[in-house]
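Okay, here's what each chain looks like letter by letter:
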Amino acid sequence: MRRLMPVLLPLLSATVLVLLLEALKRAGLLPVFIPGPFQIARVAWNNPTLISGNLLPTLYTATVGYFIAVALTLTAACIGVMLHRLRGPIYSTGIVINAIPVIAAAPLLALWLGTGGRTQIVIAALSTQFPLLVGAMQGLATVDERQRELLHVLSASRWQVFRYLRMPTALPYIFAGLKVAAPLAVLGAITSEWAGADRGIGAMMLYALFSYDIEKVWLAVLLCCALAGSAYGLLALLERQVITWERTRS
């Protein structure tokens, strides 16, 4: 029962919230632009292809952009830690990229690269890179000096120090960045779809706004929340499986 409590409590809270909102809607206490949960559920039940046809493109864009950002950012972080002169320029580049508003960069990238999937993947990757960069560089730079000196006494190479000391120490920081970046990839994919896309949660939300279809707008919002929350939850589960020594210590 103790193991089930972390799952049961959120489900119970969500159920109570849904029932409360439905009761408020039926009592006429909610504004017209907030539909009842059962209205949204009815739209989803009557239009299953609407969900699958828009959820899968956004999931694909966010996943590909996320993994591209992970590969490039972790490589840059490793280079910055191994070559200290490049640490500052790599950090500064990440800060500059993060400072550019995605909502403003999306139309410019669409003009440059077109409105296809390539632009959407690039925007999802750009939205994701900064938490990954900060977590990776902070983690790889956090090393116990006594352990590093011990490996030096044992004549360990730079690769061995990286493999057996830096990487295990950095994993909690890296996973913290991965968990923060996963919902950002979803938001970046949705923002990129606003710049021009035929399918996707962002396109569905935009079309629903133009037609003033409030139920579909909120359905798109809930799909975005579900996708972002699922991505975070999967990475949290993966973290528990990978960083076993932290769980044992707890």
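Before reading on, note that the structure itself is shown above.
Quick caveat: nothing in here was measured; it's all calculated off a predicted structure.

Caption draft 1: Representation of the nonpolar core within the structure. Core analysis: the biggest nonpolar cluster contains 43 residues, and Y66, L178, V186, I201 and L219 have the highest contact counts within it. Of all the elements in the fold, those that place two or more residues in this core are α2 (37–46), α3 (48–82), α4 (87–99), α6 (117–141), α8 (158–194), α9 (201–210) and α10 (214–242). Broken down by element, this core gets its largest block of residues, 12 residues, from α8.

Caption draft 2: Structural view of the pattern of salt bridges. Enumeration according to the criterion identifies 3 salt bridges in this entry. Among the ionic pairs, E22 bridges to R26, the shortest N-O distance being 2.9 Å. One end of the pair is E22 and the other is R26, both in helix α1 (residues 5–26) and 4 residues apart, which spans about a single turn. Judged by relative accessible area, which is 64%, R26 ranks as exposed. Salt-bridge contacts for D213 lead to K216; the nearest nitrogen and oxygen are separated by 3.9 Å. Given the relative accessible area of 26%, K216 is considered partly exposed.

Caption draft 3: Seen up close, the packing of α3 against α6. Here α3 crosses α6 at 35°, and the two axes come no closer than 7 Å. Between α3 and α6 lies a crossing whose hand is right-handed. Grouping the constituent residues of the contact of α3 with α6 by class yields 20 nonpolar, 7 polar and no charged.

Caption draft 4: Layout of the side chain of T128. Structurally, T128 can be placed in helix α6. Relative accessible area serves as the criterion here: at 0%, T128 is assigned to the buried category. Non-local contacts of T128, meaning those with residues more than four positions away in its chain, are made with Y66, A69, A181, L184 and A185.

The rules behind each value
Residues numbered from 1 in each chain as written. Predicted model: local features only at pLDDT ≥ 70, side-chain atom pairs only at ≥ 80, totals over all residues. Heavy atoms only, no water. Core = buried A, V, L, I, M, F, W, Y, C linked by side-chain atoms within 4.5 Å. Buried < 20%, exposed > 50% of the residue type's maximum accessible area, 1.4 Å probe, protein only. Helix = DSSP H or I, 4+ residues; strand = E, 2+ residues; numbered from the N terminus. Salt bridge = Lys/Arg side-chain N within 4 Å of Asp/Glu carboxyl O. Axes fitted to C-alpha atoms, helices over the stretch in contact; angles between N-to-C directions. Left-handed = near helix turned anticlockwise from the far one by under 90°. Nonpolar A, V, L, I, M, F, W, Y, C, P; charged D, E, K, R; others polar. Contact = heavy atoms within 4.5 Å.

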